[in-house]
Amino acid sequence: MKTRFAPSPTGHLHIGGARTALFNWLAARHAGGEFVLRIEDTDQERSKDEYTRDILGSLEWLGLDHDGEPVYQTQRTGIYREYVDRLLASDRAYWCHCSQERIDETRRAALESKGKPRYDGRCRDLGLGPSPGAAVRFKCPPDGETAWNDLIKGPVTFQNGELDDLVIVRSDGLPTYNMAVVADDASMAITHVLRGDDHVNNTPRQILLYRALGVPVPEFGHLPMILGGDKKRLSKRHGATSVLAYREMGYLPKALVNYLARLGWSSGDKEIFTLEEMTALFSLSSVGRSAAVFNQDKLDWLNSHYIKETPADELAGLVRPFLAREGVGGMPDEKLLAAVETVRERGKTLKEMAEKSAFYFMDRVALDPKAASKLLDGGGRAILRSYLETLATLPESHEAFDGLLDRMASELGIKKGAAAQPLRLALTGGTASPGLYDILEILGPETVRRRIGDALDFKG
RNA sequence: GUCCCCAUCGUCUAGUCUGGUCCAGGACGCCGGCCUUUCACGCCGGCAACACCGGUUCAAAUCCGGUUGGGGACGCCA
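Here the residue numbers are simple positions, counted from 1 along each chain's written sequence. Here every chain gets a letter starting at A, and every ligand a number starting at 1, in the order they are written. The model is predicted, so local features are restricted to residues of pLDDT at least 70 and side-chain atom pairs to those at 80 or more, both for listing and for counting; the totals for chains, interfaces and linings are taken over all residues. Side-chain metrics in this entry use all non-hydrogen atoms of the structure; hydrogen atoms and water are not considered.

### Regarding the protein's contact with RNA strand B
Next up, step 1: Residue proximity to a molecule or strand is established when one non-hydrogen atom of the residue lies within 4 Å of it. Taken together, 62 residues are adjacent to RNA strand B, and Arg170, Asn201, Lys232, Glu345 and Lys416 come closest.
Next up, step 2: By the criterion applied in these results, polar contacts are pairs of N or O atoms within 3.5 Å in which, for protein atoms, one can donate a hydrogen and the other can accept it, and in which residues neighboring in sequence qualify only through two side-chain atoms. Contact distances for RNA strand B include 2.7 Å between a sugar or linking oxygen and a side-chain N or O atom of Lys153.
Next up, step 3: Here a base oxygen of RNA strand B and a backbone polar atom of Ser171 are 2.6 Å apart.
Next up, step 4: Sorting the residues of the surface near RNA strand B by element identifies α4 (100-112), β7 (154-159), β12 (292-293), α10 (296-309), α18 (416-428) and α19 (436-443) as the ones contributing at least two each.
Next up, step 5: Strands here mean DSSP runs of E at least two residues long; helices mean DSSP runs of H or I at least four residues long; both are numbered from the N terminus. Of the residues forming the surface near RNA strand B, the biggest block, 5 residues, is contributed by α18.
Next up, step 6: Residues are grouped as follows: Ala, Val, Leu, Ile, Met, Phe, Trp, Tyr, Cys and Pro are nonpolar; Asp, Glu, Lys and Arg are charged; all remaining types, including Gly, are polar. The class makeup of the residues in the surface near RNA strand B is 19 nonpolar, 19 polar and 24 charged.

### Comments concerning the pattern of salt bridges
Next up, step 1: A pairing counts as a salt bridge when a side-chain nitrogen of Lys or Arg comes within 4 Å of a carboxyl oxygen of Asp or Glu. As enumerated under the stated definition, the model contains 29 salt bridges in all.
Next up, step 2: A salt bridge links Asp172 to Arg170, with the nearest nitrogen and oxygen atoms 3.6 Å apart.
Next up, step 3: With a closest N to O distance of 3.6 Å, Glu248 and Arg247 form a salt bridge.
Next up, step 4: Here the term buried applies to any residue with accessible area under 20% of the maximum for its type, exposed to any over 50%, and partly exposed to those in between, with areas from a 1.4 Å probe on protein chains only. Given a relative accessible area of 35%, Glu248 falls into the partly exposed group.
Next up, step 5: With a relative accessible area of 34%, Arg247 lands in the partly exposed category.
Next up, step 6: What emerges from the salt-bridge pattern is a single network uniting Arg4, Arg38, Glu40, Arg76, Asp184 and Asp185.

### Examining the environment of Ser373
Next up, step 1: Along the chain, the position of Ser373 falls in helix α14 (residues 369-375).
Next up, step 2: Sequence separation between Ser373 and Lys459 is 86 residues, and the spatial gap between their C-alpha atoms is 9.0 Å.
Next up, step 3: A polar side-chain atom of Ser373 sits 2.9 Å from the main-chain carbonyl oxygen of Lys370.

### A word on the nonpolar core
Next up, step 1: Of all hydrophobic cores here, the largest spans 97 residues; its most connected members are Phe294 and Tyr387.
Next up, step 2: Ranked by residues supplied to this core, first place goes to helix α1 (residues 15-30) with 9 residues.
Next up, step 3: Pairs of residues are marked as contacts when any of their non-hydrogen atoms sit within 4.5 Å. Beyond its immediate chain neighbours, meaning those up to four positions away, Tyr387 contacts Leu404, Leu405, Met408, Ala419, Ala420, Leu423 and Ile452.
Next up, step 4: Membership of the second largest hydrophobic core comes to 33 residues, among which are Val71, Trp148, Leu166 and Ala212. Remark: nonpolar core denotes a set of buried residues (Ala, Val, Leu, Ile, Met, Phe, Trp, Tyr, Cys) joined through side-chain atoms within 4.5 Å.

### Remarks on the packing of aromatic side chains
Next up, step 1: Pairing of aromatic side chains here covers Phe, Tyr and the six-membered ring of Trp, requires ring centres within 6.5 Å, and sorts the geometry by plane angle: under 30 degrees stacked, over 60 edge-to-face, intermediate tilted. Applying the stated criterion across every chain, the model contains 11 aromatic pairs.
Next up, step 2: Consider the rings of Tyr360 and Phe361, whose centres lie 6.0 Å apart with planes at 55 degrees: the pair is tilted.
Next up, step 3: Judged by relative accessible area, Tyr360 falls into the buried class, the value being 1%.
Next up, step 4: In our convention, an over-ring charge means Lys NZ or Arg CZ found within 6 Å of a ring centre and within 35 degrees of that ring's normal. For Lys270, the ring lying beneath its charged end belongs to Phe273, and the centroid distance is 5.2 Å.

### Here we look at the pairing of strand β4 (residues 93-96)
Next up, step 1: Side-chain alternation along β4 places Ala93 and Trp95 on one buried face and Tyr94 and Cys96 on a second face that is also buried.
Next up, step 2: Strand direction decides the pairing type here: β4 and strand β5 (residues 135-138), joined by 4 bridges, are antiparallel. Paired with Ala93 across the two strands is Phe138, which belongs to β5. The pairing criterion is simple: DSSP has to find at least two bridges between the two strands.

As structure tokens, this is what we get:
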């Protein structure tokens, strides 16, 4: 088995493309076959190198390695020329001199009369030759039907009469998508073409092209679309769609891959999969046929799961750049590690973890005004002063802090929670945080004293 | 408009091929409780679906037909 992922570098690699790549990768790896990458850059207008880099970087981040070097369509024009010549020579294609205006007009008229917009075949039997501005069209059989057994959808049939004579070489000499894909997949010996559902209606045209060329037709499998919450095809207006945007938001590649795999594919009740497990279990026959709605809550859950599993030192290294974005850095590894551990179960993303742990590393924390006005009244300040006194007598160890809250509460005759909140506010600036004993230990006596002092000085 | 495809909890899905074991299972989310120094984590419990109509059959989520709904495609873009 040989599969390929063939994105066009006209935008960032998005969620849908990533899943297509993943399924191609899984199918190939499961079968011990090859997975190759082909950059479909024949659209001179919109293709950009930065997008190619984005696609390559995204796949690498996801851990989807490809065999061999990526193939670029713009470097294969000789191959296309060869295939087109064969079609021309065998009278399966012809030169078309129709102007863009005439074609547009025909289409407009067809749409107006509620028909299917299609080329009327004016140049089909004119025996025209090449000329500047001319295009080459494929002679589509007017009768009969073209069918295939889709690996995911099952049997699909199209009446050839529905198809028209598609352009296979544009007037600029470059092949169009359908021609290039067929020439490439044929010459690269691709055995299984797995792509988005939006390509089903290209498939009969391509099969016709394969047959006209007299080359083996590969197997086809069309993956259901990924939709947004409104059940419309996932797009920018649904929020982040590019793979790298998810990296920026603090998602782990394992989580994204796991999520994407479960979008359309399943293996019984299993939800958590490593790439290795997916590879072992993957089967196109267990890929669903209906479109799936992208659900970030579930992605978040998976991300939390993988965050919980990540070894401490690795996790600390992953959070560090996010902390830098929060404006803190230069902390010793040991302190970073301890701090990150306290937020490991409190953040759904690396970004959230950084946000929740930044207070450890700031010179001064800004007190949440609402909480301050509520907690730093006379009583609250008295509690803080008690902490100052008590803490001064304590050795700086976690064991020493043990039970501190209980002692303070009984000493002051208040509830444990009431004793904790003013201190939490002073130390972290807010009312929700990791455990106070951990914070006391990580912050150290000097910082603790200073922050309590700052809170006592706070003027609402 | 034409063509193609799809249809189980709010969402992802198991079950559909090989009808009965499914008054439909799991997961996310949601709700309630427990734990608790806050927030989380964790644990326990709960709500929640076979789109509709006909047919076949002793029996249908599962097979057939239709309806409705949804998606996709109709480029010298890919």
